[in-house]
Amino acid sequence: AQSVTQLDSHVSVSEGTPVLLRCNYSSSYSPSLFWYVQHPNKGLQLLLKYTSAATLVKGINGFEAEFKKSETSFHLTKPSAHMSDAAEYFCVVRHGSSNTGKLIFGQGTTLQVKP
Amino acid sequence: EAGVAQSPRYKIIEKRQSVAFWCNPISGHATLYWYQQILGQGPKLLIQFQNNGVVDDSQLPKDRFSAERLKGVDSTLKIQPAKLEDSAVYLCASSLVAGQGYGYTFGSGTRLTVV
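Residues numbered from 1 in each chain as written. Chains lettered and ligands numbered in written order. Predicted model: local features only at pLDDT ≥ 70, side-chain atom pairs only at ≥ 80, totals over all residues. Heavy atoms only, no water.

Participant: Tell me what's going on with the overall build of chain A, and back it up with residues and numbers.
Facilitator: In terms of helices and strands, chain A carries zero helices and 12 strands. Against the globule reference of 13 Å for 115 residues, chain A gives a C-alpha radius of gyration of 14 Å, in line with a compact fold. Projected onto the principal axes, the alpha-carbon positions of chain A cover approximately 45 × 30 × 20 Å. Across the 115 residues of chain A, 43% fall into the buried class. Carbon and sulfur atoms form 51% of the exposed surface of chain A, whose accessible area is close to 5400 Å². For chain A, the separation between the mean place of its 10 positive charges and that of its 7 negative charges on side chains is 8 Å. (Helix = DSSP H or I, 4+ residues; strand = E, 2+ residues; numbered from the N terminus. Rg over C-alpha atoms; globule rule 2.2 N^0.38 Å. Buried < 20%, exposed > 50% of the residue type's maximum accessible area, 1.4 Å probe, protein only. Areas by Shrake-Rupley, 256 points an atom, 1.4 Å probe, with all protein chains shown as cover. Lys, Arg positive; Asp, Glu negative; His and termini not counted. Charge placed at Lys NZ, Arg CZ, Asp CG, Glu CD.)

Structural data, given as structure tokens:
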């Protein structure tokens with residue numbers, strides 16, 4: 001069965017410094033992986049997705065993630081944090097065949113950005 | 001394109017009462033999902049529809065929760081009777097095809113508080 005583990009429940013960075021949110025996945029076959037962001041009182045927004053194409057995936061707002069099969073990781077990074085990046089981030093794996101495709105979410109990482 | 005619409009945005013009920021949530025997916029999206037997000041956790045799938053048929057309801061507490069998607073468009077999720085532990089945000093999502101690489105669009109959710 002597929003699953004994801006977000007290694008940090010809370011990450012705090014200063015504005016302008018790099019962001020690293022860590023995610024490990026478990027999958028019996030080549031997974032589809034996603035990162036979603038959730039701002040307070042707002043809906044989930046897709047940041048980026050990996051679907052067995054390029055291992056380095058670029059997303060919106062300067063975020064990117066690298067799929068590393070050898071490490072079963074899909075960490076999310078951004079070179080320079082902005083105050084507006086403060087939010088909850090979810091690493092997600094898609095489970096099932098092409099006819100089902102339900103999403104399985106990690107527990108989430110709260111990103112705090114300090115001025 | 002219009003997003004996934006959900007109503008109401010907020011609902012407060014007493015335990016043992018009933019409540020219903022409504023979701024209107026993006027036009028043409030065949031797959032519809034209901035997720036439950038308890039505070040501090042990642043969303044958990046409750047039920048998945050493909051058109052008007054149920055694909056996965058393995059995590060739906062069927063003794064109190066029910067959902068339907070008549071005509072393969074709008075969907076309603078009902079809880080009867082509600083328990084305190086049902087307090088959560090209920091998210092609806094839709095996708096064009098439940099397949100590899102296709103994204104999902106989430107609604108803003110309904111925040112339910114059971115007192």
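Participant: Any chance you could break down the overall build of chain B for me, citing the residues and the numbers?
Facilitator: A count of helices and strands for chain B gives zero helices and 11 strands. Going from N to C terminus, chain B has its helices and strands arranged as β-β-β-β-β-β-β-β-β-β-β. Seen through its principal axes, chain B has C-alpha atoms that stretch 40 × 25 × 25 Å. Per-residue burial over chain B gives 46% buried out of 115 residues. Within chain B, contacts between residues at least 6 apart in sequence are counted, and of these 53% link residues at least 24 apart. Summed over its atoms, the accessible surface of chain B is roughly 5500 Å², and 50% of this surface lies on carbon and sulfur atoms. (Contact = heavy atoms within 4.5 Å.)

Participant: Give a detailed account of the sheet that holds strand S1 (residues 5–7) of chain B, specifying residues and quantitative values.
Facilitator: Residues and elements named next belong to chain B. With antiparallel pairing, the four strands of this open sheet are ordered in space as S1-S3-S8-S7. Looking along the sheet, the strands with just one partner apiece sit at the ends: S1 and strand S7 (65–68). Recorded for the sheet is a direction-independent mean angle of 15° between the axes of neighbouring strands. Inspection of the sheet shows S7 paired to strand S8 (residues 75–79) by four bridges, in the antiparallel sense. Bridging from a neighbouring strand, Phe-65 pairs with Ile-79 of S8. (Pairing = 2+ DSSP bridges. Axes fitted to C-alpha atoms, helices over the stretch in contact; angles between N-to-C directions.)

Participant: Account for the packing of aromatic side chains, with residues named and values stated.
Facilitator: Applying the stated rule across the entire model yields 16 aromatic pairs over all chains. Ring geometry for Tyr-50 of chain A and Phe-67 of chain A: centres 4.1 Å apart, planes at 15°, overall stacked. Taken together, the residues Tyr-50 of chain A in strand S6 (residues 44–50) and Phe-67 of chain A in strand S8 (residues 64–68) connect sequence positions 17 residues apart. The residues Tyr-50 of chain A and Phe-67 of chain A share a single accessibility class, namely buried. Measuring from ring centre to ring centre gives 5.7 Å for Tyr-35 of chain B and Phe-106 of chain B, while their planes differ by 55°; the resulting arrangement is tilted. A residue pair is termed long-range when its members are at least 10 positions apart, and Tyr-35 of chain B in strand S4 (residues 31–37) and Phe-106 of chain B in strand S10 (residues 105–106) qualify at 71 residues. Summarising the burial analysis for this pair, Tyr-35 of chain B and Phe-106 of chain B share the class buried. Members of the aromatic cluster, each reached through a chain of ring pairs, are Phe-34, Tyr-36, Phe-90 and Phe-105 of chain A together with Tyr-33, Tyr-35, Tyr-104 and Phe-106 of chain B. (Phe/Tyr/Trp six-rings, centres within 6.5 Å; stacked < 30°, edge-to-face > 60°.)

Participant: Give a description of the layout of surface pockets that names residues and reports values.
Facilitator: By volume, the largest pocket is sized at about 490 Å³. Considering the residues around the largest pocket, the lining is formed by 28 residues, among which Gln-38 of chain A together with Gln-37, Leu-39, Val-89 and Arg-111 of chain B are closest to the centre. Elements with a minimum of two residues in the lining of the largest pocket: strand S10 (87–95) and strand S12 (109–114) of chain A together with strand S9 (88–95) and strand S11 (110–114) of chain B. Here the element with the most residues in the lining of the largest pocket is S11 of chain B; it accounts for four residues. The residue inventory of the lining of the largest pocket, partitioned by class, reads 11 nonpolar, 13 polar and four charged. (1 Å grid on protein atoms, 1.4 Å probe; cavity = no way out; pocket = protein on both sides within 12 Å on 5 of 7 lines; lining within 4 Å. Points joined across faces, edges and corners; volume = space filled by probe spheres on them. Nonpolar A, V, L, I, M, F, W, Y, C, P; charged D, E, K, R; others polar.)

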